[in-house]
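# Breakdown of the fold
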Amino acid sequence: MTSLTDATDQVPEAILDLARGAARVCVLTGAGMSAESGIPTFRDVQVGLWERFDPAELASPQAWERDHAQVWAWYAWRASLVRRAAPNAGHEALAAWQRRPGVDLAVVTQNVDDLHERAGAEVLAHVHGSLFTLRCARCDRPSDAAYPEVTGPVGHLDPPVCGVCGGPVRPGVVWFGEALPEADFLAGADAAREADLVLVVGTSGLVHPAATIPHLAGARGVPVVEVNPRETAVSEAADEVWRAPAAEALPALVAALAGATPPP
Ligand code: OAD
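Procedures and definitions
Residues numbered from 1 in each chain as written. Predicted model: local features only at pLDDT ≥ 70, side-chain atom pairs only at ≥ 80, totals over all residues. Heavy atoms only, no water. UniProt positions renumbered as here; feature names shortened; annotations may be inferred. Helix = DSSP H or I, 4+ residues; strand = E, 2+ residues; numbered from the N terminus. Contact = heavy atoms within 4.5 Å. Buried < 20%, exposed > 50% of the residue type's maximum accessible area, 1.4 Å probe, protein only. Pairing = 2+ DSSP bridges. Right-handed = clockwise from strand over helix to strand, strands pointing away. Near = heavy atom within 4 Å. Polar contact = N/O pair within 3.5 Å; in protein donor to acceptor, adjacent residues only side chain to side chain. Areas by Shrake-Rupley, 256 points an atom, 1.4 Å probe, with all protein chains shown as cover. Nonpolar A, V, L, I, M, F, W, Y, C, P; charged D, E, K, R; others polar. Salt bridge = Lys/Arg side-chain N within 4 Å of Asp/Glu carboxyl O.

As recorded by an unreviewed UniProt entry, the protein carries the name NAD-dependent protein deacylase and is attributed to Ornithinimicrobium pekingense. One UniProt comment on the protein, placed under Function (unreviewed entry), says "NAD-dependent lysine deacetylase and desuccinylase that specifically removes acetyl and succinyl groups on target proteins. Modulates the activities of several proteins which are inactive in their acylated form." Check the Sequence similarities (unreviewed entry) section of the UniProt entry for the protein; it says "Belongs to the sirtuin family. Class III subfamily."

So, in structure tokens, the structure goes:
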């Protein structure tokens, strides 16, 4: 268990000061946020059956047009991974920070999993959609179908069909080349612009327009802090960088804050 003294020692002082003084916080999360829950990031090597495939290639309208069953099998595998995974200490810490009195903390995520919600956090925006919100690829109506449980190597699975028009059901995620859900993107961009602090956690900052969100805030003079073990496209524009995994950095930060007086 992390004691308050240990936690305060671990947190870079400048970052703790920014967090202590922030009444409005916007946290932009990416795949690295869920890495320690066992969900591979997009730029990690894929595992098992899927290691030969490029995720950016499978997450595309072209792949879907070519082979619905292959894309559906890949998402069913990913959905099974997510269902078996548990939120990590980083997700829990953000949820705890959100519950702190006097703090308005917006979670804006590029992740299509539901680990923030399962940790008890409220997510303002899923800018790349949600794995579990299925819809018809033909008529666009929401579908209450579900992914089958996939535990072994399954390369093809026929997607369910829409109860209304008989079209194939697809994941409710944004594929490369598709537009982002406008309301989510605008809510995320506004939350960042209006924040006292933007924390960017576990994203390579390579996929636009989500990657513009920290820059929109920076252009307004909002301090931007990056939490990521590696250098990224966001690093240079960040005011402070903390090279640490999310599941270590965020619990330490929130534990250190617990000793601080909430902002006025
Ligand atoms: P990426 O896979 O591009 O980047 C993951 C980032 O997480 C990298 O910068 C890693 O250094 C970092 N990372 C790894 N382990 C970490 C840890 N334990 N703690 C903190 N950071 C860690 O994922 P995203 O930036 O989220 O889009 O990718 C953005 C979008 O590209 C995704 O939403 C998806 C993808 O293709 C769509 O599906 C449209």
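Alright, that's what it looks like, and here's the rest.
## Digging into the UniProt feature "active site" (unreviewed entry) in the protein
Mapped onto the present numbering, the UniProt feature "active site" (unreviewed entry) falls at His128. With respect to the element layout, histidine 128 can be found in the loop between β3 (123-126) and β4 (129-136). Ignoring sequence-local partners within four residues, the contact set of histidine 128 consists of Thr109, Gln110, Val112, Gly172, Val173, Val174, Leu180, Val207 and Ala210.

## Side note on the pairing of strand β7 (residues 224-227)
Burial of β7 is two-sided: the residues Val224 and Glu226 facing one way and the residues Val225 and Val227 facing the other way are all buried. Note: strand β6 (residues 197-201) against β7, four bridges, orientation parallel. Counted as the bridge partner of valine 198 is valine 224 from β7. Regarding topology, helix α10 (residues 213-219) serves as the crossover connection from β6 to the parallel β7, and that connection is right-handed. In this sheet, strand β8 (residues 240-242) lies alongside β7 in parallel orientation, the contact comprising three bridges. In the strand pairing of β8, valine 227 is matched with tryptophan 242.

## Focus: the site of the ligand
Surrounding the ligand, one finds 22 residues, the nearest of these being Glu36, Arg43, His128, Thr203 and Ser204. Side-chain polar atom of serine 204 to an oxygen atom of the ligand: 2.6 Å apart, as the coordinates give it. In the environment of the ligand, a nitrogen atom lies 2.9 Å from a nitrogen or oxygen atom belonging to the backbone of alanine 246. Relative to its free-state accessible area of 790 Å², the ligand is covered by the protein chains to the extent of 93%. Here the shell around the ligand is composed, by residue class, of nine nonpolar, ten polar and three charged.

## Some words on the pattern of salt bridges
Applying the stated criterion across every chain, the model contains nine salt bridges. Where arginine 24 meets aspartate 196, a salt bridge forms, and the shortest distance between an N and an O atom there is 3.5 Å. Of the two residues, arginine 24 sits in strand β1 (residues 24-29) while aspartate 196 sits in the loop between α9 (182-193) and β6, which places them 172 residues apart along the sequence. Taking the relative accessible area as the measure of exposure, arginine 24 reaches 40% and is therefore partly exposed. With its nearest N and O atoms 3.0 Å apart, the salt bridge here joins aspartate 140 to arginine 135. A residue is classified by how much of its surface remains accessible, and arginine 135, at 24% relative accessible area, is partly exposed. Each of Arg83, Arg84 and Glu149 takes part in one network of salt bridges that share partners.

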